[in-house]
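One-letter residues, chain by chain:
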Amino acid sequence: MLSRLSTTTALRAASSLRPTLTSTPIRSLTTTPASSPFADRRAAVTWLAKAAAGSLVAGYTLSEYVFTDERLAPVNEAVYNVAQAVSKKAKEMGLEVKLPFLEAHAFSMPDHGLHPPHYPWDHYGWNKTFDHASLRRGFQVYKEVCSACHSMDYIHYRNLVGVTHTEAEAKALAAEYEYKDGPNDVGEYFMRPGKLTDAMPRPYPNEEAARAANGGAYPPDLSCISRARHGDENYIFSLLLGYCDPPAGINIREGLHYNPYFPGGAIAMARSIFDECVEYEDGTENNASQIAKDVSTFLGWASYPEHDERKKMGMKFLVMSGILMGFTVWWKRFRWSYIKSRKIVYKPSKVEQI
């Protein structure tokens, strides 16, 4: 009897020692851990700002005044000599070891063309759009100069509406050309005036005719030429104005022209952009640079017709994302503030005395 009583008393004492979880809200939601080296959040932000500024100043100083090309040249030469000696020793031992600093893959201008410089185009800014007046002038340059040899199969007259021309102007431009259509009720094909749904007219009926008229060279389609060339508008602008005499030692065969920006240096297209070769309808100065700039801008738009709309949608997305981010942070603090600020306490109950 006594042993049973002692066992029951021990079980009651053990159960009374179980911890009890209670939630008591804490008024301050921003508590600093005891292990934090900062007094508060402001001190941490201040230290981070000072560290970022110091890193920026130190990085600029090291790159501009310490690790310069003149100072690093002896180091690079020493590393190269050591790597070459190790490679030579390994080769004598019958081993083939490939080490860095021994091979250099240089840019070849004859194979790839001279790299075009980067020009400050108006539409390159994150909040900038195409200059639509320049687009209209560029279309005029294409129509009067480039369309004699180059096609634009993926640009239709409807694409010009609201970009370079009004709907009535685009319809008038399309009606200047005749397109083959049909068959009609009697099964015959006929010619009709162009419509907004028609593409730009081709200068040649097929590739063979184009090559025959240009000495074997095929003028590429200009619909996506800016997207298809490294440098985009910079390449087109540099190519149009880059014609010059070949340097000494380079011979260009008859029918070709020297242009350092074209791969190989020899291009079949003769220079077509000169001062006053196009008379602008809006009175803009028509020197060669302005004409090349306008047609390069137009061809850039032809490759990226969604450019303006994409940036507009991107700005809308950023604004909405910022608003939703604010609501998300507020909702997280609202929903989790009670759980994150609770305190766990233990309330042991009294042990029954026998």
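Bear in mind the structure is a predicted one, so any value in this text is a computation, not a measurement.

**With respect to a nonpolar patch on the surface**
On the surface, a nonpolar cluster with roughly 800 Å² of combined accessible area is contributed by V319, M320, I323, F327, W330, W331 and F334. Counting through the fold element by element, V319 comes out in helix α11 (residues 307-340).

**Quick word on the UniProt feature "transmembrane region" (unreviewed entry) in the chain**
Mapped onto this structure's residue numbering, the UniProt feature "transmembrane region" (unreviewed entry) falls at residues 313-331. Helix makes up 100% of residues 313-331 and strand 0%, and the two end C-alpha atoms of the span are 26 Å apart.

**Considering the packing of aromatic side chains**
Working definition: an aromatic ring pair is given by the centre-to-centre distance plus the angle between the planes. Within the structure shown, the criterion is met by nine aromatic pairs. On the numbers, 6.2 Å between centres and 45° between planes, the contact of W330 with W331 is tilted. The class for W330 is exposed, based on a relative accessible area of 51%. Between W330 and F334 the ring centres are 5.4 Å apart and the planes differ by 10°, which places this aromatic pair in the stacked class. Residue W330 and its partner F334 are both found in helix α11; the two are separated by four residues, about one turn of the helix. On the basis of relative accessibility, which here comes to 47%, the residue F334 falls in the partly exposed class. An aromatic cluster is built from F139, Y142, F298 and W301, whose rings are joined through pairwise contacts. Over the ring of Y280 we find R137, and its NZ or CZ is 5.8 Å from the ring centre. The aromatic ring of Y189 is capped on one face by K180, whose charged end is 5.1 Å from the ring centroid.

**A short note on the pattern of salt bridges**
Within this structure, the stated rule accounts for twelve salt bridges. Between K143 and E176 there is a salt bridge, and its shortest N-O distance comes to 3.0 Å. Taken together, the positions of K143 in helix α5 (residues 132-144) and E176 in the loop between α6 (167-175) and β1 (178-181) put the pair 33 residues apart, joining distant regions of the chain. When its relative accessible area of 29% is taken as the criterion, K143 is described as partly exposed. Residues joined in a network through salt bridges with shared partners are R136, E169 and E281.

**As for the side chain of S134**
The topology assignment puts S134 in helix α5. Polar side-chain contacts of S134 include one of 2.7 Å to the side chain of D294. Every residue in contact with S134, bar those within four places of it in the chain, is listed here: K293, D294 and T297.

**Focus on a negative patch on the surface**
On the surface, D275, E276, E279 and E285 cluster together into a negatively charged patch. If you trace the backbone, D275 turns up in the loop between β4 (266-267) and α10 (288-303).

**Some details on the UniProt feature "binding site: heme c" (unreviewed entry) in the chain**
Taking the UniProt record as the reference, the feature "binding site: heme c" (unreviewed entry) is found at C146, C149, H150 and M269. For the residues just named, distributed over 124 residues, the greatest C-alpha separation is only 10.8 Å, placing them together at one site. Tracing the backbone through its elements, the reader meets C149 in the loop between α5 and α6. In contact with C149, other than residues within four places in its own chain, are P203, Y204, N214 and P219. Sequence-distant contacts of H150, that is, excluding residues within four places in its chain, are made with Y142, P203, P219, P220, L222 and M269.

**Concerning helix α3 (residues 69-92)**
In a regular helix each residue adds 1.5 Å, so 24 residues correspond to 34 Å; α3 covers 34 Å between its end C-alpha atoms and thus fits that length. At the exit of α3 stands G94, carrying a positive phi of roughly 90°.

**Comments concerning the confidence of the model for the chain**
In the predicted model, the chain carries a mean pLDDT of 83, and 85% of its residues have values of at least 70. Confidence over residues 1-11 falls short of pLDDT 50; this stretch has three contacts with residues more than four positions distant or in other chains. Taken as a whole, residues 13-34 scores under 50 in pLDDT and shows 31 contacts with residues more than four places along the chain or in a different chain.

**Considering unusual backbone geometry**
Note that the residue after G182, namely P183, is joined by a cis bond; omega there is 0°. Mapping P183 onto the fold places it in the loop between β1 and β2 (190-193). With a phi close to 65°, E276 is a non-glycine residue in the positive phi region. By secondary structure assignment, the location of E276 is in the loop between β4 and α10.

**Examining the packing of helix α9 (residues 233-241) against α10**
Contact geometry of α9 with α10 gives a least axis separation of 9 Å together with a crossing angle of 145°. The two elements α9 and α10 meet at a crossing, and its hand is right-handed. For the pair formed by α9 and α10, the contact residues are E233, I236, F237, L240 and L241 on the first element and A288, S289, A292, K293, V295, S296, L299 and G300 on the second.

**As for the state of the cysteines**
Under the defined criterion, the tally for this structure stands at zero disulfides. Here C277 stays free of any disulfide, with the sulfur of C146 as its closest cysteine sulfur at 9.0 Å.

**Observations regarding the side chain of T297**
Tracing the backbone through its elements, the reader meets T297 in helix α10. Setting aside anything within four residues of it in sequence, one finds T297 in contact with W121, H123, F130, S134 and L135.

Parameters at a glance
- Residues numbered from 1 in each chain as written.
- Predicted model: local features only at pLDDT ≥ 70, side-chain atom pairs only at ≥ 80, totals over all residues.
- Heavy atoms only, no water.
- Patch = residues over 30% accessible without salt bridge, like charges linked within 9 Å, V, L, I, M, F, W, Y side chains within 5 Å.
- Areas by Shrake-Rupley, 256 points an atom, 1.4 Å probe, with all protein chains shown as cover.
- Salt bridge = Lys/Arg side-chain N within 4 Å of Asp/Glu carboxyl O.
- Helix = DSSP H or I, 4+ residues; strand = E, 2+ residues; numbered from the N terminus.
- UniProt positions renumbered as here; feature names shortened; annotations may be inferred.
- Phe/Tyr/Trp six-rings, centres within 6.5 Å; stacked < 30°, edge-to-face > 60°.
- Buried < 20%, exposed > 50% of the residue type's maximum accessible area, 1.4 Å probe, protein only.
- Lys NZ or Arg CZ within 6 Å of the ring centre and 35° of its normal.
- Polar contact = N/O pair within 3.5 Å; in protein donor to acceptor, adjacent residues only side chain to side chain.
- Contact = heavy atoms within 4.5 Å.
- Lys, Arg positive; Asp, Glu negative; His and termini not counted.
- Charge placed at Lys NZ, Arg CZ, Asp CG, Glu CD.
- Expected span 1.5 Å × (residues − 1).
- pLDDT = per-residue confidence, 0-100.
- Axes fitted to C-alpha atoms, helices over the stretch in contact; angles between N-to-C directions.
- Left-handed = near helix turned anticlockwise from the far one by under 90°.
- Disulfide = S-S within 2.5 Å.

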